[in-house]
Amino acid sequence: MMKKVFLFSALLLLVSAGFLAVAQLSLDPVEPTENTEIQAIPVVKTANPVVDLETPGITSVSVLEDRFNFGDVRMGDTARHTFYVLNTGKEPLEFTRAPKPSCGCTLTDYSKEPVEPGKKAFVEVIFPAKKTGIFKKSVTLSMNTEPSQKILSFQGEVIE
């Protein structure tokens, strides 16, 4: 048994020495001689990627007014207000969905054709005053912009 432990230890020592010798050889610099051929190793450099902020089909907008106060609205009247959105990007502005009111009592009309850069789109909110009291409503716009949604709000008070 002692012989086996000794042989195993000797074998382990030889294998370890072999690994150390190989590791040392790979770390030693090689001095070129006149017969040594030097090969260039290509270096791949990665540059910071250019981020293209102009995604095709996406534009930017400026909402000229995102809140409106009707003040007092008489019962039975219909309150109307038109919001405008300026296309400040380089692509035509489009509503990707009809403007969505926060409740079923509000109606909307909007620019249905693409709006060229530098031009204004409209969103009209139509609120029929059917019961007295203070109201606060909103309309969500979905457009080909980033972010893709914008919320417009309006309020007032229905009086007798």
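Structure shown above.
A brief look at the structure comes next.

Calculation criteria
- Residues numbered from 1 in each chain as written.
- Predicted model: local features only at pLDDT ≥ 70, side-chain atom pairs only at ≥ 80, totals over all residues.
- Heavy atoms only, no water.
- Helix = DSSP H or I, 4+ residues; strand = E, 2+ residues; numbered from the N terminus.
- Buried < 20%, exposed > 50% of the residue type's maximum accessible area, 1.4 Å probe, protein only.
- Salt bridge = Lys/Arg side-chain N within 4 Å of Asp/Glu carboxyl O.
- Disulfide = S-S within 2.5 Å.

**Thoughts on the overall build of the protein chain**
The helix and strand tally for the protein chain stands at one helix and eight strands. Reading the protein chain from its N terminus to its C terminus gives the helix and strand order α-β-β-β-β-β-β-β-β. Buried residues in the protein chain amount to 22% of all 160 residues.

**Looking at the pattern of salt bridges**
Tallying each qualifying case throughout the model produces four salt bridges. The salt bridge partner of Asp-66 is Lys-150, with a shortest N-O separation of 3.7 Å. Of this pair, Asp-66 sits in the loop between β1 (61-63) and β2 (67-74) while Lys-150 sits in strand β8 (residues 149-159), and the two are 84 residues apart along the sequence. Residue classification places Asp-66 among the partly exposed residues on the basis of a relative accessible area of 28%. Between Lys-112 and Asp-109 there is a salt bridge, and its shortest N-O distance comes to 2.7 Å.

**Topic: the state of the cysteines**
Counting across every chain of the model gives one disulfide. The disulfide partner of Cys-103 is Cys-105, and the gap between their sulfur atoms is 2.5 Å. Because the sign of the S-S torsion sets the handedness, a value of about -60 degrees for the bond joining Cys-103 and Cys-105 places this disulfide among the left-handed ones.

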